[in-house]
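What follows is each chain in one-letter form.
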Amino acid sequence: MEKKTLVCIACPLGCKMEIQVLSSLEEETKYLVSGNKCPRGESYGIKELTKPTRMVTSTVKIKNAHLKRLPVRTSEAIPKGKIFECMKLLEEIEVEAPIKVGEVIIKNLLGLDVDIITTRSML
Ligand code: SF4
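Quick look at the structure, then.

**What to know about the overall build of the protein**
And then number 1: Secondary structure assignment for the protein yields two helices and 10 strands.
And then number 2: In the protein, the order of α-helices and β-strands from amino to carboxyl end is β-β-β-α-β-β-β-β-α-β-β-β.
And then number 3: Expected size for 123 residues packed as a compact globule is a radius of gyration near 14 Å; at 19 Å, the protein overshoots this value by more than 25%.
And then number 4: Taking the principal axes of the C-alpha coordinates as reference, the protein spans close to 60 × 35 × 20 Å.
And then number 5: Every one of the 123 residues in the protein was classed for burial, and the buried ones make up 15%.
And then number 6: Within the protein, contacts between residues at least 6 apart in sequence are counted, and of these 46% link residues at least 24 apart.

Put into C-alpha cells, the structure is as follows:
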C-alpha cells in the first residue's frame, strides 16, 4: 500500500508522520498513522489526506483610515481548493473606516458557512 509522509501542524512539536491506507471499502476507509506523539496527529493526518483545510489570513482595502489595508481572517478553516477563490474575492472588496476588530465583513464566504472577520480596529 502507498504511504504518505507529512508533518503534523496541530502543535509546535511538528511530529513527522506516515499515513497508509489499510483498506478502502465503500462505506469506510481505514488508515494507519505512525510517528504521531498524540491522537491529534492521527485526526490531523487523516483530515489532511481526505479533506485538507486552512485558515486564511489576508488584508482588504479600506477607505478613510490611516492605513490602506485592513487585516482580516476566515472565522474557520476553509477547504484548500477554495483558497484562491477566497483571495480573489478579498482583493476585490473595499471596506470603510471606522471598523472594529471582530466585525464580519463577508458573511457565508463562497457558501462555505464561514465568515471573513477583521483582526484589528481602524478609526
Ligand atoms: S502529533 Fe500531537 S504532539 Fe505531534 S505535532 Fe501533532 S499535535 Fe503535536
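So much for the structure itself; the text now carries on.
**A closer look at the site of the ligand**
And then number 1: The local shell around the ligand consists of Cys8, Ala10, Cys11, Leu13, Gly14, Cys15, Asn36, Lys37, Cys38, Arg40 and Gly41.
And then number 2: Class assignment of the residues belonging to the shell around the ligand gives a composition of six nonpolar, three polar and two charged.

**Considering the sheet that holds strand β9 (residues 104-106)**
In any sheet, the strands associate via hydrogen bonds between backbone groups, in a parallel or an antiparallel arrangement.
And then number 1: Taken in spatial order, the five strands of this open sheet run β8-β5-β6-β10-β9, and their pairing is mixed. The open sheet has two free edges, formed respectively by β8 (94-96) and β9, since each of these has just one partner strand. Sheet twist, expressed as the average angle between the axes of neighbouring strands with direction ignored, equals 45°.
And then number 2: Pairing between strand β6 (residues 69-74) and strand β10 (residues 116-118): three bridges, direction antiparallel. Bridging from a neighbouring strand, Thr74 pairs with Ile116 of β10.

**Thoughts on unusual backbone geometry**
And then number 1: Here Ala97 and Pro98 are connected by a cis peptide whose omega angle stands at 0°.
And then number 2: Tracing the backbone shows Pro98 in the loop between β8 and β9.
And then number 3: Phi at Leu110 takes a positive value of approximately 50°, unusual for a residue other than glycine.
And then number 4: In this structure, Leu110 sits in the loop between β9 and β10.
And then number 5: Since 13 C-beta atoms lie within 10 Å of it, Leu110 is described here as partly exposed.

**With respect to helix α1 (residues 39-50)**
And then number 1: Taking 1.5 Å per residue, 12 residues should reach 16 Å; α1 reaches 17 Å between its end C-alpha atoms and fits that length.
And then number 2: Of all the residues in α1, the buried ones are Gly41, Tyr44 and Gly45. Seen along its axis, α1 keeps its buried residues to an arc of 100°; they face one direction. Facing away from the buried side of α1, by more than 90 degrees, are the exposed residues Pro39 and Thr50.
And then number 3: On its buried face, α1 sits against β1 (3-7), β2 (16-24) and β3 (29-34).

Criteria and thresholds
Residues numbered from 1 in each chain as written. Predicted model: local features only at pLDDT ≥ 70, side-chain atom pairs only at ≥ 80, totals over all residues. Helix = DSSP H or I, 4+ residues; strand = E, 2+ residues; numbered from the N terminus. Rg over C-alpha atoms; globule rule 2.2 N^0.38 Å. Buried ≥ 20, exposed ≤ 12 C-beta atoms within 10 Å, placed from the backbone. Contact = placed C-beta atoms within 7 Å. Near = placed C-beta within 6 Å. Nonpolar A, V, L, I, M, F, W, Y, C, P; charged D, E, K, R; others polar. Pairing = 2+ DSSP bridges. Axes fitted to C-alpha atoms, helices over the stretch in contact; angles between N-to-C directions. Expected span 1.5 Å × (residues − 1). Arc of directions from axis to C-beta.

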